[in-house]
Amino acid sequence: MSDKAIITYNGQSYELPVIEGTENEKAVDISKLRAESGLITLDFGYKNTGATTSAITFLDGEEGILRYRGYSIEELAESASFLEVAYLLIFGELPTKSEFEKFNADITKHTLVHEEIKNILDGFPSKSHPMGVLSSLISSLTAFYPESLDPNRSADQVYLSVIRILAKMPTIAAWAYKNELGHPVNYPDNSLDYCSNFLKMMFAIPSDVYKADSVVADALNKLLILHADHEQNCSTSTVRIVGSSHASLYSAISAGISALWGPLHGGANQAVIEMLEAIRKDGGGVQKFMDKAKDKDDPFRLMGFGHRVYKNFDPRAKIIKKAADSVLAKLGVNDPVLEIAKGLEEVALSDPYFVERKLYPNVDFYSGIIYRALGIPTQMFTVMFALGRLPGWIAQWKEMRENNEPIGRPRQIYTGAKARPFTNIGDR
Ligand code: SDX
């Protein structure tokens, strides 16, 4: 197998190295192409362009494979805790018992947020979308912890910054929800595990004693694991490029939250439920919506379907679909949109438009149905995605910083006006 590629242009041949990853993926290294040939490459949306090498997550879109540091998503979702997976993604190995106990204890120590964050929170109108609140409050951590501004300060400082955001994001997320309700916030209860503590901060109200249902906490644990990382997706690439300018971890994560919010990315889980509800209100027939999704003149897309990389089933969607049945049954929830979703999936998977384009359900197609059964409101679905993706963003930022990668600065092909003289306003 050759380790070289040759580009021939204008009668000149340029030899470029081909690199190979541990899973036999291959890439042409074009680092020297422009200097030698004057050519750059162009690839809208980086559909075929690698931005980096990474040892964190491997996915095979054709085979529907997803592994975190070599462990299959199926095994991790079945047997691990979310904080174990967070440790694995960030530090590269599953923690020993003592490593996990220290990690968990460190996080527990930092779940409280500075009281003055409430002043910022109170500045948001009560109907503010929680994703906007979350992105802003995460960025505000740079004000409360100015030492976090220097990502090169020391390994101990980076560890402390990582622990603080893992510990405080659930508190901030729950406070964003309470702000939307106009309810008083709840403080962390450090006697509880990560998921139960978040659920209590979300749903406890002053007048009653809240105890998180173990079925709900287990389902949340599984959902957070399934969202924990996904190699160089839109929001993770955002985190890496912001971090490449040596901006702080909190600034990079805040930018990642904003990128995730888009309905083509993490915002799809909210858009899926809104689509399923629209179908239910319209009488439950799916064909009309299928026709809209296929109509080039109609901007409507079948939300929760399709993926940049998976051209087979998204393995996370399979796990979530199975979990949806069991969680709703255990909770005694009968949600009519689950049957509508299954009906839509069945019709789409046999429709030539979807089959030809290899459009399958993705991670967002069924996740909202479980979140809803857990009592999580639709506007919080993408916040849940961000909570899950946090360790992946941290791991990718840390890897990029430790590899001392250069500042991200893509090129372009200019298509605007050629040089022309300025004219005074009276002469235009
Ligand atoms: C996530 O990258 C990641 O890893 C992301 C993620 C993660 O974990 O980080 O997996 C999470 O973002 C999942 C995706 C959630 N988004 C949605 O469910 C929104 C609906 N899906 C699409 O908008 C779309 O499928 C994308 C954005 C996900 C992928 O788009 P691509 O790869 O850019 O594909 P494309 O837009 O070029 O579409 C190819 C064709 C087009 O038709 P033609 O021009 O070839 O005729 O497929 C069509 C598209 O119109 N198409 C759809 C469709 N998705 C693609 N048509 C109808 N409904 C859809 N959902």
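Enquirer: Explain the side chain of Ser 248 here, please?
Expert: Structurally, Ser 248 is set in the loop between α10 (234–243) and α11 (249–260). Look past the residues within four positions of Ser 248 in its chain and what remains in contact with it is Thr 142, Ser 148, Leu 149 and Trp 397.

Enquirer: Can you walk me through the environment of Ala 259 in this structure?
Expert: By the element assignment, Ala 259 lies in helix α11. Separated by 22 residues in sequence, Ala 259 and Ser 237 have C-alpha atoms that sit 9.4 Å apart.

Enquirer: Mind showing me how you'd approach the sheet that holds strand β4 (residues 57–60) here?
Expert: Pairing between the strands of a sheet comes from backbone hydrogen bonds, and it takes one of two forms, parallel or antiparallel. Ordered in space as β4-β5-β6, the 3 strands form an open sheet in which the pairing is antiparallel. The open sheet terminates on both sides in strands that have one partner only, identified here as β4 and β6 (71–72). Note: strand β5 (residues 65–68) against β6, 2 bridges, orientation antiparallel. Residue pairing in the sheet places Arg 67 in a bridge with Ser 72 of β6.

Enquirer: Explain the nonpolar core here, please?
Expert: Where a protein is soluble and globular, its nonpolar side chains tend to be buried together. Membership of the largest hydrophobic core comes to 119 residues, with the highest contact counts inside it found for Tyr 68, Leu 134, Leu 276 and Leu 302. By residue number, the principal contributor to this core is helix α7 (residues 155–181), which donates 13 residues. Apart from the residues within four sequence positions on either side, Leu 134 is in contact with Met 169, Ile 172, Ala 173, Ile 257, Val 383 and Ala 386.

Enquirer: Could you clarify how one ought to interpret α11 in this entry?
Expert: Residues lying three or four places apart along an α-helix face the same way, a consequence of the helix completing one turn every 3.6 residues. Between its terminal C-alpha atoms α11 stretches 16 Å, which fits the 16 Å expected from 12 residues at 1.5 Å a residue. Of all 12 residues that make up α11, 9 are buried, and the element is covered over most of its length. Within the sequence span of α11, burial applies to Leu 249, Tyr 250, Ala 252, Ile 253, Ser 254, Gly 256, Ile 257, Ala 259 and Leu 260. Next to the buried residues of α11 lie α6 (130–144), α7, α10 and α18 (381–402).

Enquirer: Where do I start with the packing of α11 against α18 in this structure?
Expert: Pairs of packed helices are described in terms of their axes, by the angle between the two and the distance that separates them. At a minimum axis distance of 10 Å, the contact between α11 and α18 shows a crossing angle of 135°. Between α11 and α18, the angle falls in the class oblique. For α11 against α18, the interelement crossing comes out right-handed. Contacts between α11 and α18 involve Leu 249, Ala 252, Ile 253, Gly 256, Ile 257 and Leu 260 on the former and, on the latter, Thr 382, Phe 385, Ala 386, Leu 390, Trp 393, Ile 394 and Trp 397. In terms of residue class, the contact of α11 with α18 is built from 11 nonpolar, 2 polar and no charged.

Enquirer: Whenever I open this one, the packing of aromatic side chains confuses me. Can you help?
Expert: Two numbers describe a pair of aromatic rings. These are the distance of the centres and the angle of the planes. Scanning the entire structure with this criterion turns up 15 aromatic pairs. Their ring planes at 40° and their centres at 6.2 Å tell us that Phe 91 and Tyr 159 sit as a pair that is tilted. Taken as a pair, Phe 91 in helix α3 (residues 82–91) and Tyr 159 in helix α7 lie far apart in primary sequence, 68 residues in all. Taking the relative accessible area as the measure of exposure, Tyr 159 reaches 24% and is therefore partly exposed.

Enquirer: Would you mind showing me how to read the pattern of salt bridges here?
Expert: Taken as a whole and judged by the stated rule, the model has 23 salt bridges. A salt bridge links Arg 67 to Glu 23, with the nearest nitrogen and oxygen atoms 2.8 Å apart. One end of the pair, Arg 67, is in strand β5; the other, Glu 23, is in the loop between β2 (12–20) and β3 (26–28), with 44 residues separating them in the sequence. We note a salt bridge from Asp 106 to Lys 102, for which the minimum N-O separation is 2.5 Å. Remark: Lys 102 and Asp 106 occur in helix α4 (residues 97–109); sequence separation between them is 4 residues, near one turn of the helix. Exposure remark for Asp 106: the relative accessible area of 10% places this residue in the buried category. Accessibility expressed as a relative area gives 48% for Lys 102, which makes it partly exposed.

Enquirer: Could you clarify how one ought to interpret α10 in this entry?
Expert: Along α10, the positions that sit buried rather than exposed are Ser 235, Thr 236, Thr 238, Val 239, Arg 240 and Gly 243. Residues of α10 that are buried make contact with α11 and α18.

Enquirer: Help me understand the sheet that holds β2, please; the structure alone is not making it clear to me.
Expert: Here 3 strands make up an open sheet; going across it, the order is β1-β2-β3 and the pairing antiparallel. The two strands at the open ends of the sheet, each matched to only one other strand, are β1 (4–9) and β3. Between one strand axis and the next, the sheet turns through 30° on average, direction left out of account. Pairing geometry for β2 and β3, over 3 bridges, is antiparallel. Within the sheet, the bridge partner assigned to Glu 20 lies in β3 and is Lys 26.

Enquirer: Looking at this structure, I do not really get the site of the ligand. What am I missing?
Expert: If you check the shell around the ligand, you find 25 residues, and the closest are His 230, Arg 301, His 307, Arg 316 and Arg 389. Arg 357 is positioned such that a nitrogen or oxygen atom in its side chain is 3.1 Å from an oxygen atom of the ligand. Residue Asn 362 places a side-chain N or O atom 3.0 Å away from an oxygen atom belonging to the ligand. The protein chains hide 80% of the 1,100 Å² of surface that the ligand would expose on its own.

Enquirer: Please explain the pairing of β2 as it appears in this structure.
Expert: Side-chain direction in a regular strand flips from residue to residue, so the side chains alternate between the two faces of the sheet. Pairing of β1 with β2, which is carried by 6 bridges, proceeds in the antiparallel orientation. Residue Ile 6 lies in a different strand from β2, and its bridge partner there is Glu 15. What sits between the antiparallel neighbours β1 and β2 is a turn of 2 residues, in which Asn 10 has the positive phi angle 50°. Joining the antiparallel neighbours β2 and β3 is a turn of 5 residues, in which Asn 24 adopts a positive phi near 65°.

The rules behind these values
Residues numbered from 1 in each chain as written. Predicted model: local features only at pLDDT ≥ 70, side-chain atom pairs only at ≥ 80, totals over all residues. Heavy atoms only, no water. Helix = DSSP H or I, 4+ residues; strand = E, 2+ residues; numbered from the N terminus. Contact = heavy atoms within 4.5 Å. Pairing = 2+ DSSP bridges. Core = buried A, V, L, I, M, F, W, Y, C linked by side-chain atoms within 4.5 Å. Buried < 20%, exposed > 50% of the residue type's maximum accessible area, 1.4 Å probe, protein only. Expected span 1.5 Å × (residues − 1). Axes fitted to C-alpha atoms, helices over the stretch in contact; angles between N-to-C directions. Parallel < 35°, antiparallel > 145°, perpendicular 65-115°, else oblique. Left-handed = near helix turned anticlockwise from the far one by under 90°. Nonpolar A, V, L, I, M, F, W, Y, C, P; charged D, E, K, R; others polar. Phe/Tyr/Trp six-rings, centres within 6.5 Å; stacked < 30°, edge-to-face > 60°. Salt bridge = Lys/Arg side-chain N within 4 Å of Asp/Glu carboxyl O. Near = heavy atom within 4 Å. Polar contact = N/O pair within 3.5 Å; in protein donor to acceptor, adjacent residues only side chain to side chain. Areas by Shrake-Rupley, 256 points an atom, 1.4 Å probe, with all protein chains shown as cover.

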